[in-house]
Amino acid sequence: MKSTINTLLTTFLFLLLGCGVAFGGGPSEQISLASIGIGDSPPIAVGSAQKDAELVGKFADFKKFTVEKVKQLNRNLRFARSRMEITKQPDGSYRARYHQIDDSSLGVKVTRSQSRSIPFVGILSYQEQVYEAISRSPDSFAADGFSLVQIIPNRHIFSYKKGIWD
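The numbering scheme is per chain: residues are counted from 1 as the chain's sequence reads. Local features in this predicted model are restricted to residues whose pLDDT is 70 or higher, and side-chain atom pairs enter the listing and the counts only when it is 80 or higher, whereas totals over whole chains, interfaces and linings include all residues. Note that water and hydrogens are dropped before the side-chain values are worked out from all heavy atoms of the structure.

Looking at this structure, I do not really get the environment of Gly122. What am I missing?
Turning to its location among the elements, Gly122 is positioned in strand S4 (residues 120-135). Remark: the alpha-carbon pair of Gly122 and Trp165, spanning 43 residues in sequence, is separated by 8.2 Å. The helix count covers DSSP runs of H or I at least four residues long, the strand count covers runs of E at least two residues long, and both are numbered beginning at the N terminus.

Pasting the structure below:
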C-alpha cells in the first residue's frame, strides 16, 4: 500500500512539474536537465549557483544509483540470457528467446520538484532488447545465432526522499 501511494505521489509530482515546465510556468527552482546518456555530464542549469550545484550533485548521485539499478534489473529479467525461454515449435525445431537491457540506450533526467518531502525526481529510460534463435536441438544454440526481434522501451520514475533515491 505504501509503495503504491509513493508511486502515485511521485507520478503526480512529475506530471505537475512537467506541466509547469511545458507551459513556461513555475519558479526558477524548477530546473530540468535534458535527457542525456549515462556517461555524459549535465549541462549548466539556470538559477542560483547553490541550487545549480545541488542539482548537479543530485544528478551525479542519480547516475550512480541508475548504474546499479540497471545491473539489478538485468539480473532480475525473467528471461535473461542465463534463463532463456526455450520452446519446441510445431515443426520440431526449438526457439530460444532472452531479454537484455541495451546499455547504449540508457538516459537519465533529474528535475527539481516543488515538494519539500521529495525535492527531486529522477527518470531512468532504456530499451529492453529481445533476442531470438532457432535450432534443431535445445542444446545447440550458438551465441552468434541470436537476432534482435523486438525492442521494448522502458521508463522508471524515482523520487529522492530522506537522502536516498527510491
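Moving on, there is more to tell.
Got a minute to help me understand the pairing of S4 in this structure?
Every regular strand shows the same layout, with side chains that alternate between the two sheet faces. Categorising residues by exposure relies on relative accessible area from a 1.4 Å probe, with only protein chains included: less than 20% of the type maximum marks a residue as buried, more than 50% marks it as exposed, and the intermediate range marks it as partly exposed. Of all the 16 residues making up S4, 14 are buried; the element is thus mostly covered by neighbouring parts of the structure. Where strand S3 (residues 94-112) and S4 come together, 15 bridges link them in antiparallel fashion. Residue pairing across strands places Asp102 opposite Gln127, the latter belonging to S4. Two strands are said to pair when DSSP picks up at least two bridges between them. Looking at chain direction, S4 and strand S5 (residues 147-161) are connected through 13 bridges and run antiparallel.

I would appreciate a short explanation of the nonpolar core in the present structure.
If you look at soluble globular proteins, the nonpolar side chains tend to sit buried side by side. Of all hydrophobic cores here, the largest spans 16 residues; its most connected members are Phe62, Ile101, Leu106, Val110, Phe120, Leu124 and Trp165. Among the secondary structure elements, those contributing two or more residues to this core are helix H2 (49-76), S3, S4 and S5. Joining through side-chain atoms within 4.5 Å is the link that ties buried Ala, Val, Leu, Ile, Met, Phe, Trp, Tyr and Cys residues into a set, and such a set is a nonpolar core. Listed in part, the seven residues of the second largest apolar core include Ala96, Tyr98, Tyr131 and Phe146.

I would appreciate a short explanation of the pattern of salt bridges in the present structure.
Opposite charge on two side chains makes pairing possible when the charged atoms of those side chains draw close. Salt bridge, as used here, is a side-chain nitrogen of Lys or Arg placed within 4 Å of a carboxyl oxygen of Asp or Glu. In the structure shown here, the tally under the stated rule is four salt bridges. A salt bridge links Arg112 to Glu54, with the nearest nitrogen and oxygen atoms 3.4 Å apart. Note that Arg112 is positioned in strand S3 and Glu54 in helix H2, a separation of 58 residues in sequence. By relative accessible area, which is 38% here, Glu54 ends up partly exposed. Two residues, Glu132 and Arg95, come together in a salt bridge whose shortest N-O distance is 3.9 Å.

By themselves, these figures tell us nothing about what the structure is for.
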